Number of protein chains: 2
Amino acid sequence: MTTPKFAQIKQFIVDNIRSGAWLENQRVPSENELTEQFSVSRMTARRALSELTEAGILTRSQGLGTFVASFKSQSSLLEIKNIADEVKARNGNYSCTVLVLESINAVAPIAIALGVEVNSVVYRSVLVHNENELPLQVEERFVNPALASNYLQQDFTALTPHEYLSSVAPLTEARHTVEAVMPNSEMCQWLNLYHEEPCLQVIRRTWSSAGIVSFARLVSPGSKYRLGGHLTFKNNKK
Amino acid sequence: MTTPKFAQIKQFIVDNIRSGAWLENQRVPSENELTEQFSVSRMTARRALSELTEAGILTRSQGLGTFVASFKSQSSLLEIKNIADEVKARNGNYSCTVLVLESINAVAPIAIALGVEVNSVVYRSVLVHNENELPLQVEERFVNPALASNYLQQDFTALTPHEYLSSVAPLTEARHTVEAVMPNSEMCQWLNLYHEEPCLQVIRRTWSSAGIVSFARLVSPGSKYRLGGHLTFKNNKK
DNA sequence: CAACCCATCTTGTATATACAAGCTTATTAT
DNA sequence: ATAATAAGCTTGTATATACAAGATGGGTTG
């Protein structure tokens, strides 16, 4: 009896859904019914229902009741993890090589992506993230100098650009797109590819309250890297 | 004063973080302090802190206090949406063509992915999802017949396989991987590609409480399709 | 000086109560 | 018959209170 009451109620509800006893869009017991069944206060029953609603497992509507959420409306999520953490998690030897660290004049597409004037000075870095000394991902990044003036002085073999930028400009937003592309010859050289192969390319733009901080392009060979995602009914055990 | 008190407190906290006034890992006011500042009960202040914690913006620990969550530990998320919904969302004309609908004997890789005996009978479907009559994605799916016996009798131009399977076997889990691949000649034909180009391939396996339901391969040309993701500090306005 | 205990802060769980607001159904009045 | 009303359910917001449990700092005791 060491597990909290609200957690027991959550477990009860999740079990009924997992087993198929309660189907999609079916009504689940109301707060008052749970209050009776479990001999708890309404606030405790309410907490179980609220937290499962927050988790996307139930939907509630005032005056009507609480229902099992429909699965088809749920979109699945993929994680983009820090690549250094990912390599370390599978006991690989992570290292990083800095290929380029410079300030350049922004051509139009870069300037637009960073929200700065065309031809104004921006910082550019190109790093290679290695697993066991073999290239796994190339990170090309353009940085708004107004928001990270000391960017070029950093040692990115110790602290990743993303970690450094997070500490300098508190991030408020990030957007990603993932696509499949063919690498150009320069990219093939960086990735040490003997013959062309399709690559996963992640474009990431990050914002702080003061504006767009940076614009990164992460390219990995399709044969070596994939994104993973996992969607499950949460067990919510403490 | 129509917005609830707990929402006002959440807004106050989020604003302080967004503006940079409260930095990573910095302590935020305790429940009792918020209770005084906003003249609310402790339970209301607590609700604001709890919900922001659930959203990943704060972290709490008993006895210590509540702190601004660190950004670097957050991994970014990408959504895999239903392709029919996505096409409709941008006012495209969605249609679907059924190329194959058959039962086959599972070769080893398929049997393993579905968790059935090698050479046992499984269902297979190949659909093409079109936007404005042009192929956007090929969906090749293998289905465990024990969990969806009427699969071959369905009309998938009306109801997607995922929707049908969700209604027959309540889903409990899904796993995805995304990678970049080159299509083979058969796939090129299905996708109406004149010259080879890299494709995004999503592999999705779905579980119900009774076991693995299906195994799907979703292939889209890199020039026409990309996955998007958006990560932001939630505003939590009701 | 070091070890222990305690007061006091924090968050976590739980209850009882009150009223507001959305939805359905049955009743009443036109 | 139709329309308005009221009753009775639902969830939503808010308060006051109580005790439990983790963390910290200070003071007493050995």
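Calculation rules
- Residues numbered from 1 in each chain as written.
- Chains lettered and ligands numbered in written order.
- Predicted model: local features only at pLDDT ≥ 70, side-chain atom pairs only at ≥ 80, totals over all residues.
- Heavy atoms only, no water.
- Near = heavy atom within 4 Å.
- Polar contact = N/O pair within 3.5 Å; in protein donor to acceptor, adjacent residues only side chain to side chain.
- Helix = DSSP H or I, 4+ residues; strand = E, 2+ residues; numbered from the N terminus.
- Nonpolar A, V, L, I, M, F, W, Y, C, P; charged D, E, K, R; others polar.
- Pairing = 2+ DSSP bridges.
- Contact = heavy atoms within 4.5 Å.
- Axes fitted to C-alpha atoms, helices over the stretch in contact; angles between N-to-C directions.
- Parallel < 35°, antiparallel > 145°, perpendicular 65-115°, else oblique.
- Left-handed = near helix turned anticlockwise from the far one by under 90°.
- Salt bridge = Lys/Arg side-chain N within 4 Å of Asp/Glu carboxyl O.
- Buried < 20%, exposed > 50% of the residue type's maximum accessible area, 1.4 Å probe, protein only.
- Expected span 1.5 Å × (residues − 1).
- Phe/Tyr/Trp six-rings, centres within 6.5 Å; stacked < 30°, edge-to-face > 60°.
- Lys NZ or Arg CZ within 6 Å of the ring centre and 35° of its normal.

(A) Structural view of the protein's contact with DNA strand C. Residues in close proximity to DNA strand C total 27 residues, the closest being Lys5, Thr44, Arg47 and Gly63 of chain A together with Arg42 of chain B. If you look at DNA strand C and keep only atoms within 4 Å of the protein, 66% of those are sugar or phosphate atoms. One of the backbone N or O atoms of Lys5 of chain A is found 2.8 Å from a phosphate oxygen in DNA strand C. One nitrogen or oxygen atom from the side chain of Arg47 of chain A is found 2.7 Å from a phosphate oxygen belonging to DNA strand C. Elements supplying a minimum of two residues to the surface near DNA strand C: helix H1 (5–18) and helix H3 (42–54) of chain A together with helix H2 (31–38), helix H3 (42–54), strand E2 (58–61) and strand E3 (65–68) of chain B. The leading source of residues in the surface near DNA strand C is H3 of chain A, at four residues. By residue class, the composition of the surface near DNA strand C is six nonpolar, 12 polar and nine charged.

(B) The sheet that holds strand E1 (residues 27–28) of chain B, seen in detail. All names here are of chain B. Spatial strand order, E1-E3-E2: three strands in an open sheet with antiparallel pairing. Either end of the sheet is taken by a strand with one partner, and the two such strands are E1 and E2. Sheet topology note: the E1/E3 ladder contains two bridges and is antiparallel. Bridge pairing links Val28 to Thr66 in E3.

(C) Examining the sheet that holds strand E1 (residues 27–28) of chain A more closely. All names here are of chain A. Spatially, E1-E3-E2 is the arrangement adopted by the three strands of the open sheet, whose pairing is antiparallel. Edge strands, defined here as strands with exactly one partner in the open sheet, are E1 and strand E2 (58–61). Pairing of E2 with strand E3 (residues 65–68), which is carried by four bridges, proceeds in the antiparallel orientation. Following the sheet pairing, Thr59 is matched in E3 by Phe67. Sheet strands touched by H3: E1, E2 and E3. Its angle to E2, the strand with the most contacts, is close to 115 degrees.

(D) Main features of the packing of helix H1 (residues 5–18) of chain B against H2 of chain B. Residue and element names in this part refer to chain B. In contact at an axis separation of 12 Å, H1 and H2 are set at 110 degrees when each is read in the N-to-C sense. Here H1 is positioned roughly perpendicular relative to H2, judged by the angle of their axes. The two elements H1 and H2 cross, and the hand of that crossing is right-handed. Residues Ile9, Phe12 and Ile13 of H1 touch H2, and the partners they reach there are Leu34, Gln37 and Phe38. A breakdown of the residues in the contact of H1 with H2 according to their chemical character gives five nonpolar, one polar and no charged.

(E) Quick look at the side chain of Asn144 of chain A. Residues and elements named next belong to chain A. With respect to the helices, strands and loops of the structure, Asn144 is situated in the loop between strand E7 (134–143) and helix H6 (161–168). Within the structure, Asn144 has its side chain in polar contact with the backbone oxygen of Ile212 (distance 3.2 Å). The contact partners of Asn144, leaving out residues within four places of it in the chain, are Leu114, Val116, Ile212 and Val213.

(F) Focus on the protein's contact with DNA strand D. Neighbouring DNA strand D are 27 residues; Arg42 of chain A together with Lys5, Thr44, Arg47 and Gly63 of chain B lie closest to it. Counting only the atoms of DNA strand D that lie within 4 Å of the protein, the sugar and phosphate share comes to 65%. For DNA strand D, a phosphate oxygen lies 3.4 Å from a polar atom in the side chain of Arg46 of chain A. Measuring from a phosphate oxygen of DNA strand D, one finds a side-chain N or O atom of Thr44 of chain B at 2.7 Å. Sorting the residues of the surface near DNA strand D by element identifies helix H2 (31–38), H3, E2 and E3 of chain A together with H1 and H3 of chain B as the ones contributing at least two each. No other element matches H3 of chain B, which puts four residues into the surface near DNA strand D. Counted by class, the surface near DNA strand D contains six nonpolar, 12 polar and nine charged residues.

(G) How the structure looks around the pattern of salt bridges. For the structure shown, the criterion picks out 20 salt bridges over all chains. Where Arg124 of chain A meets Glu140 of chain A, a salt bridge forms, and the shortest distance between an N and an O atom there is 3.0 Å. On the criterion of sequence distance, the pair formed by Arg124 of chain A in strand E6 (residues 121–131) and Glu140 of chain A in strand E7 is long-range, its members being 16 residues apart. The buried category is assigned to Glu140 of chain A, whose relative accessible area is 10%. Measuring nitrogen to oxygen at the nearest pair gives 2.8 Å for the salt bridge that ties Glu102 of chain B to Arg124 of chain B.

(H) Spatial organisation of the environment of Ser95 of chain A. Residue and element names in this part refer to chain A. With respect to the helices and strands, Ser95 occurs in strand E5 (residues 94–105). Owing to a relative accessible area of 23%, Ser95 belongs among the partly exposed residues under this scheme. Linking Ser95 and Ala113, residues 18 residues apart in sequence, is a C-alpha distance of 29 Å. Other than its neighbours up to four places away in sequence, Ser95 contacts Val128, His129, Asn130 and Glu133.

(I) The arrangement of H1 of chain A in detail. All names here are of chain A. In this model H1 runs 20 Å from its N-terminal to its C-terminal C-alpha over 14 residues, within 8% of the 20 Å that 1.5 Å per residue would give. Buried within H1 we find Phe6, Ala7, Ile9, Lys10, Ile13, Val14, Asn16 and Ile17. For H1, the elements touching its buried residues are H2, H3, E2 and E3. Remark: Gly20 follows H1 within two positions and exhibits a positive phi of approximately 90 degrees.

(J) Fine view of the packing of aromatic side chains. The final tally for this structure, using the stated rule, is 12 aromatic pairs over all chains. Measuring from centroid to centroid gives 6.2 Å for Tyr151 of chain B and Tyr164 of chain B, while their planes differ by 45 degrees, and the two rings are tilted. Of this pair, Tyr151 of chain B sits in the loop between strand E7 (134–143) and helix H6 (161–168) while Tyr164 of chain B sits in helix H6; the two residues are 13 residues apart in sequence, bridging distant segments of the chain. Taken individually, Tyr151 of chain B and Tyr164 of chain B each receive the classification buried, so the pair is uniform in this respect. Each residue in the set Tyr123, Tyr151, Phe156 and Tyr164 of chain A is aromatic and connected to the rest through ring pairs, giving one cluster. Just above the ring of Trp207 of chain A sits the side chain of Arg175 of chain A; from NZ or CZ to the centre is 4.9 Å. Over the ring of Phe6 of chain B we find Arg47 of chain B; its NZ or CZ atom is 3.7 Å from the centre of that ring.

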